[in-house]
Amino acid sequence: MDLESHILQLFINNKYVDCQNKKKVSVYNPATGGLVSDQIPVAGPDDVDAAIHAGQAAFAPGSEWRQMIASERQRLLLRFADVLEDNKERLASLTRLTLGAPYVPFGKSEIETAIGCFRYYAGWIDKFAGQSFPADDGVYKIVRNEPLGVVAGIIPWNGPLASVGLKAAPALAAGNVFILKPSEKTPLMAAELGKLVLEAGFPPGVFQVLTGDGSTGALLASHMGIAKVSFTGSVATGKAVQILAAKSNLKRCTLELGGKSPAVVFDDADLANAVRWCVNGLTNNSGQICFAASRVYVQEGIYDRFLQAYREAFEAKRRVIGDPEDVRFELGPVVDKAQYDRIMNIIESAEKEQQGTLVTGGRSFTSRGYYIEPAIFLDPKPDAFIYKEEIFGPVVVVNKFKTEAEVLERSNSSKYGLMAGVFTQDINRALRLSSAFDSGVVGVNCISTIHFSCPFGGTKESGLGRELGVNALLAYTEPKTVLINMNY
C-alpha cells in the first residue's frame, strides 16, 4: 500500500502539519516482516504544545465549540459515525497493514465498536442531566456535570479504532476537546482520521491526532494543559502515566491495563457454548486482547469431554491462520517481531521449566511473518509465569477443579481483575459467583465481550475507572455545585 503524504504528518487545529520534532519511528507488516514506513513522526514538546494551545482555544468561553447547542454537537458525532462507516474498509486496511488482524472477525468487529460508540454517545448528549435539590432550607441546590477541558486518549495497538470510540466519543459528547495519541505500532488509521474530522465538520482544535512513541505519551501525561488522560496498555506504563499525572497537575486518569481472565466451566454447562466462547475468547486477534479467556477452569465431571472439544477447536483454528489480506483466514500474525519473540520465549521457557504440559500448538506457523499456533497448557504450577502473568498472545492454561469454593479462590488469586466468565445452567450459582468474582466485568455463559451501555474496566492492577456507559461521561466531567440563596 502506498501511504499518502498526510499519514506522515500530524493533525493539529484541523490541519495536517509537518512534525517539528525530527525523530521518526518505523512500522512493519507482521504478515511478512517487511518495512511499511520509516517516516512515522514522533510528536515532540513543540508539537504537543501546539495541539494543546489549539485545544485550549477551542475550549475557551465564547468559542464555537463551547457555544454549540446539544443538538448540533449530537449531529456532529452522528455525522462522524457515518463518515467512519463510509470509510471502514480504508480504515481497516490501514490498521491491518501493521496489526495483522483479518477483517473478519476482528477488524469488522472493532470498526463496528467505534461506530457504535459515537452513535451511542451522540444519543446521550441531550440526556446527560445533572441534579437539583429543593430549597426547603432556603437554598436551591443545582449540580451540573461540566466538561474538563483538553483531554487526551493514549490508545493501544491491539484495537486502535475501537479504542478511539471508547475514548473520543464520550469525551466529545461531554463537551471536552480531545487529543488522540495512537500506538507507534499501529499509527496509520489514526493519522487518516483527520480527513474524517474535517469531513464531519468539527471546529478547529476539537479533535486532534498526534502520532508518536512513549515519549509523546509522557509529554501528554505530564503536561499542565491536559485535564485528563485516558490510557489503555500495560500495567507498567499505566503506573508511569499515573505518576506523571500526579506530579504535574493531578490530572484525572482512566487506566485500562489488561488482565488474566478466568473462564469457569461447571459440569452442567452447555458444552458447545462453553467451548465456543472460551476458544474465541482466547484466539480472537491472536490472543492480543485485554480480556482474553487465558485461564480456563473446568469441573472434573465435564473435564475430559471439554478438553477434547476444546483441543479439537484449537487445532481447527490452524486451518484459518494465514495472510490477513486473504478472506479465507480468520487469524493473522501477532503484531511484530518483538511480540513474537516474547511469546515464543514464554512458551519455550514454560516447556523447559515444566511450568505445565503443552498439549497442542505453541509453534511458529510459517517461515515468513509472525504467526503462532494457539497453544494449550494443562495443569500449570500455581507460581508458573504462564499461569500468573498476562501473555497477550494465543496461549491458554487449562485447570481441573472440584468445588465452587476452590475455583473461586483460584480465580481471584490474581493481581488482575478485568473480566471473569462462569458457564453453568444454574442461575443461582451464576449470580452467586458473579458477586464473588473480584473483577470489573462478569460474563454468564459468555466471556471476552463488552457492551456500549455498561461500564468496562477492572479491579486491582487491571486499572482505574471505567469506560463505556454513563460512567465514561462522568469520568470526562466535573460535578459543579451551584447554591442559590432564596432568603434575601
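The structure we're discussing is the one just above.
Everything numeric in this text was worked out from a predicted model, so none of it was measured.

The rules behind these values
Residues numbered from 1 in each chain as written. Predicted model: local features only at pLDDT ≥ 70, side-chain atom pairs only at ≥ 80, totals over all residues. Heavy atoms only, no water. Helix = DSSP H or I, 4+ residues; strand = E, 2+ residues; numbered from the N terminus. Buried < 20%, exposed > 50% of the residue type's maximum accessible area, 1.4 Å probe, protein only. Contact = heavy atoms within 4.5 Å. Areas by Shrake-Rupley, 256 points an atom, 1.4 Å probe, with all protein chains shown as cover. Expected span 1.5 Å × (residues − 1). Phe/Tyr/Trp six-rings, centres within 6.5 Å; stacked < 30°, edge-to-face > 60°. Lys NZ or Arg CZ within 6 Å of the ring centre and 35° of its normal. Salt bridge = Lys/Arg side-chain N within 4 Å of Asp/Glu carboxyl O. Pairing = 2+ DSSP bridges. Axes fitted to C-alpha atoms, helices over the stretch in contact; angles between N-to-C directions. 1 Å grid on protein atoms, 1.4 Å probe; cavity = no way out; pocket = protein on both sides within 12 Å on 5 of 7 lines; lining within 4 Å. Points joined across faces, edges and corners; volume = space filled by probe spheres on them. Patch = residues over 30% accessible without salt bridge, like charges linked within 9 Å, V, L, I, M, F, W, Y side chains within 5 Å. Polar contact = N/O pair within 3.5 Å; in protein donor to acceptor, adjacent residues only side chain to side chain. Parallel < 35°, antiparallel > 145°, perpendicular 65-115°, else oblique. Left-handed = near helix turned anticlockwise from the far one by under 90°. Nonpolar A, V, L, I, M, F, W, Y, C, P; charged D, E, K, R; others polar.

(A) Structural view of the overall build of the protein. Helices and strands together make up the secondary structure of the protein, namely 16 helices and 22 strands. Principal-axis analysis of the C-alpha atoms gives the protein an extent of 75 × 60 × 40 Å. Relative to its 488 residues, the protein shows a buried fraction of 56%. For the protein, restricting intrachain contacts to residue pairs at least 6 apart in sequence, the fraction spanning at least 24 positions comes to 75%. As displayed, the protein offers around 19,500 Å² of accessible surface, 52% of which is attributable to carbon and sulfur atoms.

(B) View of helix H12 (residues 337-352). Given a rise of 1.5 Å per residue, 16 residues ought to cover 22 Å, and the 22 Å separating the end C-alpha atoms of H12 matches this to within 8%. At its buried positions, H12 is contacted by strand E15 (375-378), helix H13 (385-388) and strand E16 (395-401). At the exit of H12 stands Gln354, carrying a positive phi of roughly 55°.

(C) Local environment of the packing of aromatic side chains. Taken as a whole, this structure holds 16 aromatic pairs when the rule is applied. Residues Tyr310 and Phe314 carry aromatic rings whose centres are separated by 4.7 Å and whose planes lie at 50° to one another, so their mutual orientation is tilted. Placement of the pair is Tyr310 and Phe314 together in helix H11 (residues 303-317), with a separation of four residues, close to one helical turn. An identical accessibility class is assigned to Tyr310 and Phe314; each is buried. Among the aromatic residues, those joined into a cluster by ring pairs are Trp65, Phe80, Phe118, Phe178, Phe202 and Phe207. Above the plane of the ring of Tyr476 lies Lys228, whose end atom (NZ or CZ) is 4.9 Å from the centre.

(D) How the structure looks around the environment of Met68. For Met68, the location among the structural elements is in the loop between helix H2 (64-67) and helix H3 (70-86). For Met68, a relative accessible area of 12% puts it in the buried group. The sequence separation of Met68 and Gln339 amounts to 271 residues, and the corresponding C-alpha distance is 45 Å.

(E) Broad picture of the pattern of salt bridges. A full pass over the atoms with the stated rule returns 33 salt bridges. A cluster of three or more residues bridged by salt bridges with shared partners is formed by Glu4, Arg90, Glu192 and Lys195.

(F) Local environment of the sheet that holds strand E6 (residues 139-147). Taken together, three strands build an open sheet; the order of strands is E5-E6-E22 and the sheet is antiparallel. The open sheet has two free edges, formed respectively by strand E5 (131-133) and strand E22 (477-485), since each of these has just one partner strand. Put simply, the sheet's adjacent strands are angled 15° from each other on average, direction ignored.

(G) Up close: the layout of surface pockets. Considering only enclosed or pocket space, the second largest pocket measures out at about 260 Å³ in volume. Of all the elements in the fold, those that place two or more residues in the lining of the second largest pocket are H2 and E6. Element by element, the count of residues in the lining of the second largest pocket is highest for E6, at three residues.

(H) Highlighting a nonpolar patch on the surface. Taken together, Tyr140, Ile484 and Met486 make up a surface patch of nonpolar side chains, about 260 Å² in accessible area. Its location among the elements puts Ile484 in strand E22.

(I) Seen up close, unusual backbone geometry. The linkage connecting Val104 with the following residue, Pro105, adopts the cis geometry, with an omega of 5°. Here Pro105 is to be found in helix H5 (residues 103-124). Notably, Asn285 is not glycine yet its phi reads approximately 55°, a positive angle. Turning to its location among the elements, Asn285 is positioned in the loop between helix H10 (271-283) and strand E13 (295-299). On the accessibility criterion, Asn285 (5% relative accessible area) is buried. A positive phi angle is found at Asp379, which is not glycine, with a value near 50°. By secondary structure assignment, the location of Asp379 is in the loop between E15 and H13.

(J) Quick peek at the environment of Tyr488. When you line up the elements, Tyr488 lands in the segment after E22. C-alpha separation for the pair Tyr488 and Glu351, spaced 137 residues apart in sequence, amounts to 79 Å.

(K) Just the pairing of strand E4 (residues 35-41), in detail. The pairing of strand E3 (residues 24-28) with E4 spans four bridges and is classified as antiparallel. Bridging across to E4, Lys24 finds its partner in Pro41. Hairpin connection, E3 to E4: the antiparallel pair is bridged by six residues, and Gly33 has positive phi, about 85°.

(L) Geometry of the environment of Pro41. Its location among the elements puts Pro41 in strand E4. On the basis of relative accessibility, which here comes to 0%, the residue Pro41 falls in the buried class. Taking C-alpha positions, Pro41 is 6.6 Å from Gln9, a pair spaced 32 residues apart along the chain. If we skip the residues at most four places from it in the chain, Pro41 touches Leu8, Gln9, Leu10, Cys19, Lys23, Lys24, Thr211 and Gly212.

(M) Fine view of the side chain of Ser261. Position of Ser261 relative to the elements: it lies in the loop between strand E11 (252-256) and strand E12 (262-265). A distance of 3.2 Å separates a polar atom in the side chain of Ser261 from the backbone oxygen of Met419. The contacts of Ser261, once residues within four sequence positions are left out, are Cys290, Phe291, Ala292, Ala293, Ser294, Arg295, Met419 and Ile447.

(N) A look at the packing of H3 against H5. At their nearest, the axes of H3 and H5 sit 8 Å apart, and the two run at 165° to each other. As judged from the angle between their axes, H3 and H5 are roughly antiparallel. Both H3 and H5 take part in a crossing whose hand is left-handed. Residue-level inspection shows Gln74, Leu77, Leu78, Phe80, Ala81, Asp82, Leu84 and Glu85 of H3 in contact with H5, the latter providing Ala114, Ile115, Phe118, Arg119, Tyr121, Ala122 and Gly123. Here the contact of H3 with H5 is built from residues that sort into 10 nonpolar, two polar and three charged.

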